[in-house]
Amino acid sequence: MIARSPANGQGEDAPGEPWQLALQTVVTDCDELLALLRLTRQDLGIDRAQTFALRVPRAFVARMRPGRADDPLLRQVLPLMAERTVPAGFTQDPLAEAEAGKRPGMLHKFHGRVLLIVTGHCAIHCRYCFRRHFPYAATQPSRSEWAQAFEYIRRDPSISEVILSGGDPLAVPDRHLQWLIGEIEAIPQVRRLRIHSRLPVVIPARITCGLPALLAGSRLRASLVIHANHAQELDASVATALQPLRRAGVALLNQSVLLAGVNDQVEALSDLSERLFEIGVLPYYLHLLDQVAGAAHFALPDERVHVLREALLARLPGYLVPRFVREVARAPFKVPLLPPVPGRAKELRG
Ligand SMILES: *Cc1c(COP(=O)(O)O)cnc(C)c1O
Ligand code: SF4
């Protein structure tokens, strides 16, 4: 058995696992990325001075199409001068998360579930991320702060689900997760454990044999919400990596963000849903872009969003249509996009 990590296990393990090496050797240099993709720097509008820097795992770069500046995977990670344009309404903390932090490293916004920020680190930097300005360092919990978070959960009998999030919670070693899960299991009223992670997509090797075993061995019912925005992200390596989790009985879901230039076509969204189902994952949320400073170039007009949703509803079985939701600061749930306006469906057919 692996020793339990006493506290914040980040970086305590020897970097022996292949995924840890992959995490340490991500591409952070724009010129290297362009060279790997056989792109020249002209006309791409790259911004090398962004504080939210380029960061992309090589396994993800390998799924980008060389020579294509418009590649949907490349668009998600390339820092652009366009990010400097910040229209009215786009802010640093669009979800007012700074207020929701009940304890360091913990957000409690919705009934019955709390979200733990296991680490501020991510394997990849997604340009549209609503947490791109989040003060991660300040919310990295220490051992005693973790104890406070567990105590907060223990004292609220309504909390039945704990969500491990970040950053990316799978950026920490399995033994740290094992410690955290053990602490959560010891809180009697908690029944469900959820992990929100982009790592199974961007570094599939992160799904070690230890992880499915850890989840299968827990008394908590486990789900994993992965994050892919385009079918091209879900190659055979991702499909293979997820299989042991399915066999371990982990419910697999996906969340995406609706992004101009990435997945704002009916075909792209429909292919994503089809591919997810093929690899055993159900579409969960399609998030409308949060109005975070630096991400305005990914925004779509509301009208376009409605047209896309209605076209998807008309094309796919209900279980393959993700819920279109918007985060509204201080709302008690992720707010669904309102139902189609009667009459527009006819326009769509015509
Ligand atoms: C998104 C989110 C959740 C999870 O919401 P579900 O609708 O249960 O998926 C929980 N807590 C916080 C703070 C969130 O942002
Ligand atoms: S992996 Fe998630 S938290 Fe990390 S940068 Fe991307 S969207 Fe943000």
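Procedures and definitions
Residues numbered from 1 in each chain as written. Chains lettered and ligands numbered in written order. Predicted model: local features only at pLDDT ≥ 70, side-chain atom pairs only at ≥ 80, totals over all residues. Heavy atoms only, no water. Buried < 20%, exposed > 50% of the residue type's maximum accessible area, 1.4 Å probe, protein only. Helix = DSSP H or I, 4+ residues; strand = E, 2+ residues; numbered from the N terminus. Pairing = 2+ DSSP bridges. Right-handed = clockwise from strand over helix to strand, strands pointing away. Near = heavy atom within 4 Å. Polar contact = N/O pair within 3.5 Å; in protein donor to acceptor, adjacent residues only side chain to side chain. Areas by Shrake-Rupley, 256 points an atom, 1.4 Å probe, with all protein chains shown as cover. Nonpolar A, V, L, I, M, F, W, Y, C, P; charged D, E, K, R; others polar. Contact = heavy atoms within 4.5 Å. Axes fitted to C-alpha atoms, helices over the stretch in contact; angles between N-to-C directions. Parallel < 35°, antiparallel > 145°, perpendicular 65-115°, else oblique. Left-handed = near helix turned anticlockwise from the far one by under 90°.

Chemist: Just to check I follow, could you spell out the pairing of strand S5 (residues 192–196) for this structure?
Modeler: Most of S5 is tucked away, with four of its five residues classed as buried. Note: strand S4 (residues 161–166) against S5, four bridges, orientation parallel. Bridging across to S5, Ile163 finds its partner in Arg194. Regarding topology, helix H8 (residues 174–185) serves as the crossover connection from S4 to the parallel S5, and that connection is right-handed.

Chemist: Explain the site of ligand 1 here, please?
Modeler: Near ligand 1 the following residues occur: Leu107, Lys109, Phe110, Arg113, Leu115, Ile163, Arg194, Tyr284, Tyr285, Glu327 and Lys334. Within the side chain of Tyr284, an N or O atom sits 2.6 Å from an oxygen atom of ligand 1. In this structure, Tyr285 approaches ligand 1 through a side-chain N or O atom, which is 2.6 Å from an oxygen atom. About the coverage of ligand 1: the protein hides 94% of its 390 Å² of free accessible area. Elements supplying a minimum of two residues to the shell around ligand 1: strand S2 (106–110), strand S3 (113–119) and strand S8 (282–287). A breakdown of the residues in the shell around ligand 1 according to their chemical character gives six nonpolar, no polar and five charged.

Chemist: Even after reading the chapter, I still don't get the environment of Pro169, so can you show me in this structure?
Modeler: When you line up the elements, Pro169 lands in the loop between S4 and H8. Counting along the chain gives 47 residues from Pro169 to Cys122, while the straight-line C-alpha distance between them is 8.3 Å. Residues within four places of Pro169 in sequence aside, it is in contact with Val118, Thr119, Leu164, Leu177, Ile195, His196 and Ser197.

Chemist: Just to check I follow, could you spell out the site of ligand 2 for this structure?
Modeler: Taken together, the neighbourhood of ligand 2 is formed by Cys122, Ile124, Cys126, Cys129, Gly167, Arg198 and His227. Grouping the amino acids of the shell around ligand 2 by side-chain chemistry returns four nonpolar, two polar and one charged.

Chemist: I tried to follow the sheet that holds S4 on my own but got confused; where do I start?
Modeler: Spatially, S1-S2-S3-S4-S5-S6-S7-S8-S9-S10 is the arrangement adopted by the 10 strands of the open sheet, whose pairing is mixed. Across the chains shown, the open sheet's two edge strands, defined by having one partner strand only, are strand S1 (101–103) and strand S10 (335–336). Relative to S3, S2 runs antiparallel, the two being bridged by three bridges. In the strand pairing of S3, Phe110 is matched with Arg113. The sheet contacts of helix H12 (residues 266–278) involve strand S6 (221–227), strand S7 (251–257) and S8, and relative to S8 the element is tilted by about 145°.

Chemist: Any chance you could explain the environment of Leu54 here in plain terms?
Modeler: Residue position: Leu54 is located in the loop between helix H2 (30–36) and helix H3 (58–61). Residue Leu54 is classed as buried on the basis of its relative accessible area, which comes to 4%. The sequence separation of Leu54 and Leu78 amounts to 24 residues, and the corresponding C-alpha distance is 6.5 Å.

Chemist: What is the right way to read the packing of H12 against helix H13 (residues 302–315) from this model?
Modeler: Between two packed helices, the angle of one axis relative to the other and the distance separating the axes together describe the packing. Axis separation between H12 and H13 bottoms out at 10 Å; the angle between their running directions is 50°. Looking at the two axes, H12 sits oblique to H13. Considering only the axes of H12 and H13, their crossing is right-handed. Seen from H12, the contacting residues are Val266, Glu267, Leu269 and Ser270; seen from H13, they are Leu308, Ala311, Leu312 and Arg315. Among the residues forming the contact of H12 with H13, the class breakdown is five nonpolar, one polar and two charged.

Chemist: Could you clarify how one ought to interpret the pairing of S6 in this entry?
Modeler: Side chains on a regular strand alternate between the two faces of the sheet. Of all seven residues making up S6, six are buried, and the element is well covered by its neighbours. Relative to S6, S5 runs parallel, the two being bridged by five bridges. By the bridge assignment for S6, Ile195 is matched with Leu224. Pairing of S6 with S7 involves five bridges; the strand directions are parallel. Across the sheet, the residue bridging to Ile226 is Asn254, located in S7. Each parallel crossover has a hand, and for S6 linked through helix H11 (residues 236–247) to S7 it is right-handed.

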